[in-house]
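Chain by chain, the residues run as shown.
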Amino acid sequence: VYDAAIRRAGMLRVFAFEDLFDAVETLGRGQEVAGDRLVILTNGGGPGVMATDVAISRGVRIAELSDQTMQRLNEVLPATWSLGNPVDIIGDAPAKRYRDALKIVSEDPNADAILLIHAPSAIVSSSVIAESLVPTVAEMETPLFSCWLGGDAVAEARQTFAAASIPTFETPEAAVNAFVHLVDYRRNQEALMETPAAISEDSTPDVAAARQIIEQALAQGRNLLTEPEAKGVLSAFGVPVVATRIASTPEECVRLAGEIGYPVAIKILSPDISHKSDMGGVALDLESSEQVEAAAAKMLARIRELAPDAQLDGFTVQAMARRPEARELIVGASEDPIFGPVILFGHGGTAVEVIADRAVALPPLNVPLAKDLIARTRVSKLLAGYRDRRAADMSAIYATLI
């Protein structure tokens with residue numbers, strides 16, 4: 001919730017005391033970034049891989065070098081260079097190789113920022129390299145973050161960069177985090193320019209219908225809606241739901257299934273059971289009246305065994321929604337005592353607590369703010385489509401969040 005609040009305020013996140021120094025170092029240098037694509041330039045493969053791992057884990061995109069950049073790098077680097085990003089210019093790199101490679105990648109249109117990582121070697125002095133690079137960095141328009149590894153061995157190089165107002169960090173992780181700070185800050189400032197409406201312009205919610213359902217549950221002393229009630233609230237706000245009918249007995253389940261048409265799904269209906277699948281209270285892809293009756297009877301027996309005190313109100317029956325390419329998502333809302341309403345989005349399903357892929361935002365939302373919320377989750381990459389899987393209907397997800 002704190003994270004969401006300060007995102008909307010355009011502020012930096014500071015979760016640990018060490019992060020404060022990184023944030024000050026970043027902001028104090030007046031750096032600005034135009035995007036989240038990072039080029040990593042290093043004289044050591046290991047540090048480059050470390051930085052790449054941290055960058056990917058923080059949602060940073062590793063920039064894809066253009067064909068022209070690759071060709072130019074091939075002309076100035078040894079044949080054994082990494083041939084990609086991270087750009088490993090090899091441990092014996094003299095100052096000129098650093099200058100040439102840095103100038104080339106800084107001119108790549110896909111580079112929003114560059115992370116320079118240097119590990120000391122006995123071949124070339126780190127301080128000489130730093131002094132040689134300062135004029136090159138001064139001429140660059142692409143922001144540069146530097147990481148001089150080696151403690152006291154690179155102290156002079158760090159001081160040279162610091163004196164030239166070039167952000168300098170002790171570890172690749174700290175440098176990547178600094179870049180993430182600026183990417184977040186840019187996004188926050190863009191979000192501040194948005195003026196979200198309280199509700200979607202394309203739909204008018206039936207607030208009275210939703211309030212009636214909730215007040216009825218509260219009057220009965222309940223703080224949890226049943227599945228049909230929850231679907232009624234969602235439907236009142238224009239969120240599509242599967243039509244659901246209620247049956248009191250297994251025999252009535254059979255009758256309703258015949259009216260709906262096979263295949264069907266049935267679920268136990270109880271105000272005391274929220275995770276129905278944990279109790280064996282869900283049966284899917286039922287193709288006949290025999291299967292429906294048997295599944296309902298089995299559910300009753302299992303619930304009476306596992307939760308004998310649970311109130312059983314019957315079953316819900318619905319047409320089987322077969323969506324082989326669907327992704328399970330979670331959308332939620334809560335009222336925080338300090339910040340007020342909070343919207344949650346993330347990877348759903350029965351393993352939602354285990355996966356823990358979620359983000360929060362403060363409503364009201366509009367499409368750009370909904371996009372930002374979704375982009376802060378790992379499942380957003382699945383929603384974009386991959387291999388033979390089509391992209392999700394993002395406009396419908398935005399509308400649901402709004």
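Below is a summary of the structure that appears in this document. These figures come from a predicted structure and were not determined experimentally.

On to the packing of helix α5 (residues 95–106) against helix α6 (residues 126–139). It is at 9 Å that the axes of α5 and α6 come closest, and there the two elements cross at 25 degrees. Relative to α6, the element α5 lies roughly parallel. Judged by the twist between their axes, the crossing of α5 over α6 is right-handed. Judged by residue contacts, Ala 95, Tyr 98, Arg 99, Leu 102 and Lys 103 of α5 engage Ile 129, Ser 132, Leu 133, Thr 136 and Val 137 from α6. Classifying every residue of the contact of α5 with α6 gives six nonpolar, two polar and two charged.

Strand order in the open sheet made by the three strands is β11-β12-β13, with antiparallel pairing throughout. The open sheet has two free edges, formed respectively by β11 (329–336) and β13 (358–361), since each of these has just one partner strand. On average, each strand axis in the sheet is inclined to that of its neighbour by 20 degrees, with strand direction left out of account. Pairing geometry for β11 and strand β12 (residues 340–347), over eight bridges, is antiparallel. By the bridge assignment for β12, Val 331 is matched with Phe 345. Helix-sheet contacts for helix α16 (residues 394–401) involve β11 and β12, and the interaxial angle to β12 is about 155 degrees.

Thresholds, definitions, all that
- Residues numbered from 1 in each chain as written.
- Predicted model: local features only at pLDDT ≥ 70, side-chain atom pairs only at ≥ 80, totals over all residues.
- Heavy atoms only, no water.
- Axes fitted to C-alpha atoms, helices over the stretch in contact; angles between N-to-C directions.
- Helix = DSSP H or I, 4+ residues; strand = E, 2+ residues; numbered from the N terminus.
- Parallel < 35°, antiparallel > 145°, perpendicular 65-115°, else oblique.
- Left-handed = near helix turned anticlockwise from the far one by under 90°.
- Contact = heavy atoms within 4.5 Å.
- Nonpolar A, V, L, I, M, F, W, Y, C, P; charged D, E, K, R; others polar.
- Pairing = 2+ DSSP bridges.

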